[in-house]
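Architecture and fold: a report
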Amino acid sequence: MDDRRKTQLRRSLERELEAHASETQCDPRGRALWLCVQLDNYVERWLAFCAMPGIPMVSLLNDDLFAMIGCGAVAFEDTIRLLPDDHELPARWARFSAVLADVQATKDRVRAGELRGALAELQTHLAGEL
Amino acid sequence: MLKRILSRLGSLFERTDPNDKRIKLRDGDALLASVQGERVIAYTFDIALSHREFVIRNLGTLPEGAWVGTIRKFGGVVIAVNSRTYYENQLPAPQPVLDVIHENFR
């Protein structure tokens, strides 16, 4: 995965986020929720290939789909900085980030499945606060 | 293990056939695509899009009988899974769909 491809993916996500925000006139919390839904898509797509036997984790961690999760995570982190009054959000986000970092470090396929739960908690929290 | 190593070596020394019009993917490349009958009717490398958004922008609505999902290349082999949004599962694409994908991507 080269840097040019990562930049393409990141810019595309930023464009989509801006288009969504402009269309719905949503506030930073709405942006965070939209990003959370996109992250869920990216994680699920990647997990589908993780579930296929024969693809080693080293390959899965260096593919477009995993890079897309990284782009979504960076965009989400930038957005929640605009929500300083939500004191629960950083801890919930930290849980997802920790699992993501751990999966990268340990290449643990089973642990990768925990991304789903961490993200669901985050999404429920954001949706509940809207 | 041996099969995997041979597959990788095979992809490293893969010859380019000038008549092969298929789109060449690199290992780890991913894209969204839709197949109807014996044709790939839409595809994009913009994987920031959801499958729903991909369909809306390229097809309006998903045509009757068309398939949509994610394609990825690994070890020289192009593989595909169903869209969760449209099928509520991410199982490997059905063989007829995969055959069409292999006729268009390598």
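Read on for a plain summary of the structure. From a predicted model like this one, the values you see are computed outputs, not experimental measurements.

For chain B, the count of helices and strands is four helices and four strands. Listed N to C, the secondary structure of chain B is α-β-β-α-β-β-α-α in terms of helices and strands. Of the contacts formed within chain B by residues at least 6 apart in sequence, a portion of 54% connects residues at least 24 apart.

Okay, the overall build of chain A next. When you go through chain A residue by residue, the secondary structure sums to seven helices and zero strands. Scanning chain A from its N terminus toward the C terminus, one meets helices and strands in the order α-α-α-α-α-α-α. Its C-alpha radius of gyration of 15 Å places chain A within 12% of the 14 Å reference for a compact globule of 130 residues. In terms of overall dimensions, chain A has C-alpha extents of about 45 × 30 × 20 Å along its principal axes. Counting all 130 residues of chain A, 32% fall into the buried class.

Now for helix 4 (residues 95-104) of chain B. Residue and element names in this part refer to chain B. Three or more residues of helix 4 are buried, namely Val97, Val100 and Ile101. Buried positions in helix 4, seen along its axis, are confined to an arc of 100° and lie on one side of it. Relative to its buried face, helix 4 has exposed residues pointing more than 90 degrees away, namely Gln95, Pro96 and Asp99. Close packing links the buried residues of helix 4 with strand 1 (30-36), strand 2 (39-44), strand 3 (67-74) and strand 4 (77-82).

Residues and elements named next belong to chain B. The antiparallel open sheet is built from four strands, whose spatial order is 2-1-3-4. A single partner strand is all that each edge strand has here, and the edge strands are strand 2 and strand 4. Taking each pair of neighbouring strands and ignoring which way they run, the sheet shows an average axis angle of 35°. Here helix 4 sits on the sheet and contacts strand 1, strand 2, strand 3 and strand 4; the angle it forms with strand 4, its principal contact strand, is near 140°.

A few words on the interface of chain A and chain B. Taken together, the 19 residues of chain A in the interface contact 15 residues of chain B. Taken together, the elements giving at least two residues each to the side of chain A that touches chain B come down to helix 1 (3-24), helix 2 (28-50) and helix 4 (64-80) of chain A. Broken down by element, the residue count for the side of chain A that touches chain B peaks at six residues, all from helix 2 of chain A.

Moving on, we come to the nonpolar core. Ranked by size, the top nonpolar core spans 53 residues in total, and within it Cys36(A), Leu39(A), Trp46(A), Leu65(A), Met68(A) and Ile47(B) carry the most contacts. A total of eleven residues in this core trace back to one element, the largest contributor, which is helix 2 of chain A. Sequence-distant contacts of Trp46(A), that is, excluding residues within four places in its chain, are made with Leu65(A), Phe66(A) and Ile69(A).

Here we come to helix 5 (residues 89-106) of chain A. Residues and elements named next belong to chain A. For helix 5, which comprises 18 residues, the first-to-last C-alpha distance of 26 Å matches the rise-based estimate of 26 Å (1.5 Å per residue) to within 8%. Residues Trp93, Phe96, Val99, Leu100 and Val103 constitute the buried set of helix 5. Seen end-on, helix 5 carries its buried residues on one side only, within an arc spanning 120°. When the buried face of helix 5 is taken as reference, the exposed residues oriented beyond 90 degrees from it are Ala91, Ala94, Ala98, Ala101, Ala105 and Thr106.

Residues and elements named next belong to chain A. Within the element layout of this structure, Lys6 appears in helix 1. A residue is classified by how many C-beta atoms lie within 10 Å of it, and Lys6, with 15 of them, is partly exposed. On a C-alpha basis, the gap between Lys6 and Met68 in space is 7.7 Å, while along the polypeptide they are 62 residues apart. Lys6 has contacts with Met1, Ala67 and Cys71, leaving out every residue within four places of it along the chain.

Residue and element names in this part refer to chain B. Relative to the elements of secondary structure, Thr85 occurs in helix 3 (residues 84-87). Considered as a pair, Thr85 and Ile23 are 62 residues apart in the sequence and their alpha carbons are 26 Å apart. In contact with Thr85, not counting residues within four places along its chain, are Ser50, His51 and Arg52.

Thresholds, definitions, all that
Residues numbered from 1 in each chain as written. Chains lettered and ligands numbered in written order. Predicted model: local features only at pLDDT ≥ 70, side-chain atom pairs only at ≥ 80, totals over all residues. Helix = DSSP H or I, 4+ residues; strand = E, 2+ residues; numbered from the N terminus. Contact = placed C-beta atoms within 7 Å. Rg over C-alpha atoms; globule rule 2.2 N^0.38 Å. Buried ≥ 20, exposed ≤ 12 C-beta atoms within 10 Å, placed from the backbone. Arc of directions from axis to C-beta. Pairing = 2+ DSSP bridges. Axes fitted to C-alpha atoms, helices over the stretch in contact; angles between N-to-C directions. Core = buried A, V, L, I, M, F, W, Y, C linked by C-beta atoms within 7 Å. Expected span 1.5 Å × (residues − 1).

Functional significance is not addressed by these values, which are geometric in nature.
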